[in-house]
Amino acid sequence: MRVGLYPGTFDPITLGHIDIIRRAAVLLDRLVVGVAINRDKGPLFDLEERVAMIEAECVELAAQTGTEIVVHPFENLLIDCAHDVGAQIIVRGLRAVADFEYEYQMVGMNRQLNSDIETVFLMADAQHQAIASKLVKEIARLDGDVSKFVTPQVHRALLARLGKS
């Protein structure tokens, strides 16, 4: 069984994230979406909200692809999380060249920690390459329209959280 781990903070989950989940799911038998507990980032949504949003968005994807998709919060090293969930593959999404440099360093460190776990990069679809959760939150805070970057459910949750609904 091919098991992959797609990690991130997903604050909030965007159409870019969903695109990577969809593409990874067709390559794997089981995809674990690892939701990082990163207290330093000060997420807009708490862990339970992020997990619930991802689970809701992945129900249809799992049915369409036939891949088991589970959501797993984690606060340990990524490579340890991969081991904990039985993943042989870490899935990372790339948007631009700037992402590659950081990701390249991470792969090198992770290979030093556990060379049995491979990292696979998936390029986001061109229409989603510029989407970043951080930018989505900033645009929404400043009353911009983010409906083309997130699903309707996430859009409603984002507006409600920011007191703009």
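The following refers to the structure shown. Keep in mind the model is a prediction, meaning the values are calculated, not measured.

Notes on the packing of aromatic side chains
Thinking step 1. In the structure shown here, the tally under the stated rule is three aromatic pairs.
Thinking step 2. Note on F100 and Y104: the rings are 5.8 Å apart at their centroids and 35 degrees apart in plane angle, and the pair reads as tilted. Of the two residues, F100 and Y104 are both situated in helix α4 (residues 97–113); the distance of four residues between them amounts to about one turn of the helix.
Thinking step 3. Classification of Y104 as exposed rests on a relative accessible area of 58%.

Describing unusual backbone geometry
Thinking step 1. Each neighbour pair has its own omega, and for D11 with P12 the value is 0 degrees, a cis peptide bond.
Thinking step 2. If you trace the backbone, P12 turns up in the loop between β1 (3–8) and α1 (15–25).
Thinking step 3. In the Ramachandran plot, F10 falls in the positive-phi region, its phi being about 50 degrees despite a non-glycine side chain.
Thinking step 4. By secondary structure assignment, the location of F10 is in the loop between β1 and α1.
Thinking step 5. A relative accessible area of 2% means that F10 is categorised as buried.
Thinking step 6. Even without a glycine there, the phi angle at D143 is positive, about 65 degrees.
Thinking step 7. Take D143: it is sitting in the loop between α5 (133–141) and α6 (152–161).

Remarks on the pattern of salt bridges
Thinking step 1. A complete count under the given rule lists eight salt bridges for this structure.
Thinking step 2. R2 serves as the salt-bridge partner of D29, at 3.8 Å between the closest nitrogen and oxygen. Taken together, the positions of D29 in the loop between α1 and β2 (30–36) and R2 in the segment before β1 put the pair 27 residues apart, joining distant regions of the chain.
Thinking step 3. In this structure D29 comes out as partly exposed when scored by relative accessible area, which is 35%.

Digging into the sheet that holds strand β3 (residues 68–74)
Strand pairing in a sheet is mediated by backbone hydrogen bonds. Such pairs are either parallel or antiparallel.
Thinking step 1. Taken together, five strands build an open sheet; the order of strands is β3-β2-β1-β4-β5 and the sheet is parallel. A single partner strand is all that each edge strand has here, and the edge strands are β3 and β5 (118–123). Averaged over all adjacent pairs, the angle separating strand axes in this sheet is 30 degrees, with direction ignored.
Thinking step 2. Taken together, the seven bridges between β2 and β3 define a ladder with parallel strand orientation. Among the inter-strand pairings, A36 is bridged to a residue of β3, identified as F74.
Thinking step 3. Most of the contacts of α1 go to β5, to which it runs at about 125 degrees, and overall it touches β1, β2, β3, β4 (89–94) and β5.
Thinking step 4. Along the sheet face, helix α2 (residues 47–65) touches β2 and β3 and points at about 170 degrees away from the line of β3.

Criteria and thresholds
Residues numbered from 1 in each chain as written. Predicted model: local features only at pLDDT ≥ 70, side-chain atom pairs only at ≥ 80, totals over all residues. Heavy atoms only, no water. Phe/Tyr/Trp six-rings, centres within 6.5 Å; stacked < 30°, edge-to-face > 60°. Helix = DSSP H or I, 4+ residues; strand = E, 2+ residues; numbered from the N terminus. Buried < 20%, exposed > 50% of the residue type's maximum accessible area, 1.4 Å probe, protein only. Salt bridge = Lys/Arg side-chain N within 4 Å of Asp/Glu carboxyl O. Pairing = 2+ DSSP bridges. Axes fitted to C-alpha atoms, helices over the stretch in contact; angles between N-to-C directions. Contact = heavy atoms within 4.5 Å.

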